[in-house]
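So you can see what is in the structure, the chains are spelled out below.
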Amino acid sequence: MPDSLPLFEQGRHLLSVSQFDRDNLQALFDMADAVDPIAKRQAVCTVLDGAMLGSLFFEPSTRTRLSFESAFLRLGGEVTTTTGFTFSSMAKGESIADTARVVSGYSDVLVVRHPDEGSVAQFAAHSIVPVINAGDGTGEHPSQALLDVYTLQKELAARGKNVDGCHIAILGDLKYGRTVHSLIKLMGLHTGVTFTLFAPPGLELPVQIEHDAIAHGHTVRVMDDVEAAVTGADVIYATRVQRERMTDELAQANARGDLLNKSILTRADNLDAIIMHPLPRDSRPDSYDLSSDVDDLPGLAIFHQTDNGLNVRMAIFLTALGVTIEAVNLTSKRRPWKATLRPV
Ligand code: NCD
């Protein structure tokens, strides 16, 4: 990835959270708020009528792909998609450069996920339309960090608090988890944040990211006990062990019980904390992830994150394609149908 990328605005790729300052971050969040009636399907919108999204996911995905595609469709655009290497010509040895040039000729914007760090930037270098990074290996996942900070802001505001000065405990696989890398980098735009980190041996945060956070004036505390790590935190951000990115030995060493559950939170006297997770949550036995026994706690925000992802991804497309909120409003009308589930 180039050292310094331009700010994210119309006609630009979105490759890294480093493309944000406080102003364009706030502009994106204002746009995400403004499209809420369309995200909630209270209004239908045709502002992207005639526009085509090329969605290329060379790694597994549920919410990222479907929320990007839903976001584009909900704005009135169309979507073409390919998933996995098997069903694309990369299986025949086609280079990233050729693939990028070809598919960008069919699309107005591309969303790309790829298992290798830096590969999406390489893709962007050969594309003739804006490329949105939907995750490049252990590198970055900017749209996830954007929706995480958007959610963080709303959850903290509901408790009369701010992202500036908040205390966030980040737990789990901090080495291979790209969402954590992007989140901590994006929090560099805020001030006075305390990060308390808990990672099992071998899965610690890359030192450069920790140093950058400290250089931004944040406090970083590293703990070797989960209960101590979550004590006093306003927000707890749990993550999945990225088994697909590590050796079998390391994956085996991290095949254990819950990373976080209600009894740990009870002992830490923090049952009211805001609980976040980028998802997917690994629900298999010995997954060493967030237990579903926290799902009835008042601070559970994991599904607020997934819902907010739609708004944020709509805002990303509108920004990349240079569409103003006035144009969105002009082409929106209240929908005449209801999608509510009747009680039995
Ligand atoms: C994450 C990812 O793909 O990095 N998922 C997501 O996009 N929300 C996290 C993960 O896979 O654990």
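Here, the structure is the one placed above.
Residues numbered from 1 in each chain as written. Predicted model: local features only at pLDDT ≥ 70, side-chain atom pairs only at ≥ 80, totals over all residues. Heavy atoms only, no water.

Enquirer: Now, about unusual backbone geometry: what can you tell me, with residues and values included?
Expert: Between Leu279 and Pro280 the backbone carries a cis peptide bond, its omega angle lying at 5°. Of note, Pro280 is situated in the loop between strand 10 (274–276) and helix 12 (302–320). Phi is positive for Leu279, close to 65°, though the residue is something other than glycine. Note that Leu279 resides in the loop between strand 10 and helix 12. Not every positive phi belongs to a glycine, and Tyr288 is a case in point at roughly 55°. For Tyr288, the location among the structural elements is in the loop between strand 10 and helix 12. (Helix = DSSP H or I, 4+ residues; strand = E, 2+ residues; numbered from the N terminus.)

Enquirer: Could you give an account of the nonpolar core, with specific residues and numbers?
Expert: One finds Leu28, Leu146, Ile168, Ile170, Ile184, Met187 and Phe195 to be the most contacted residues of the largest nonpolar core, which totals 67 residues. Among the elements that line this core, the one with the most residues is helix 12, at 8 residues. Lining this core are residues from two domains, each supplying at least three of them: domain 1 (17–140 + 307–334) and domain 2 (142–303). Not counting chain neighbours up to four residues away, the residues in contact with Ile170 comprise Val180, Leu183, Ile184, Phe195, Thr196, Leu197, Phe198 and Tyr237. Of all hydrophobic cores here, the second largest spans 29 residues; its members include Ala233, Met246, Ala273 and Leu297. (Core = buried A, V, L, I, M, F, W, Y, C linked by side-chain atoms within 4.5 Å. Buried < 20%, exposed > 50% of the residue type's maximum accessible area, 1.4 Å probe, protein only. Domains from an automatic or database assignment. Contact = heavy atoms within 4.5 Å.)

Enquirer: How would you explain the site of the ligand if you had to name every residue and give the values?
Expert: Looking at the ligand, the residues that line it are Arg63, Thr64, Arg113, His141, Gln144, Arg178, Thr179, Arg240, Gln242, Pro278, Leu279 and Pro280. Within the side chain of Thr64, a nitrogen or oxygen atom sits 2.8 Å from an oxygen atom of the ligand. Of all the elements in the fold, those that place two or more residues in the shell around the ligand are helix 3 (63–74) and helix 7 (178–186). Here the residues of the shell around the ligand sort into 3 nonpolar, 5 polar and 4 charged. (Near = heavy atom within 4 Å. Polar contact = N/O pair within 3.5 Å; in protein donor to acceptor, adjacent residues only side chain to side chain. Nonpolar A, V, L, I, M, F, W, Y, C, P; charged D, E, K, R; others polar.)

Enquirer: Tell me about the environment of Ser182, and please be specific about residues and values.
Expert: Within the secondary structure, Ser182 is located in helix 7. Through-space distance from the C-alpha of Ser182 to that of Leu146 is 8.6 Å; in sequence the pair is 36 residues apart. Once you skip the residues sitting within four places of it in the chain, Ser182 turns out to touch Val17, Glu140, His141, Pro142 and Ala145. Of the polar contacts made by the side chain of Ser182, one reaches the side chain of Glu140; its length is 2.9 Å.

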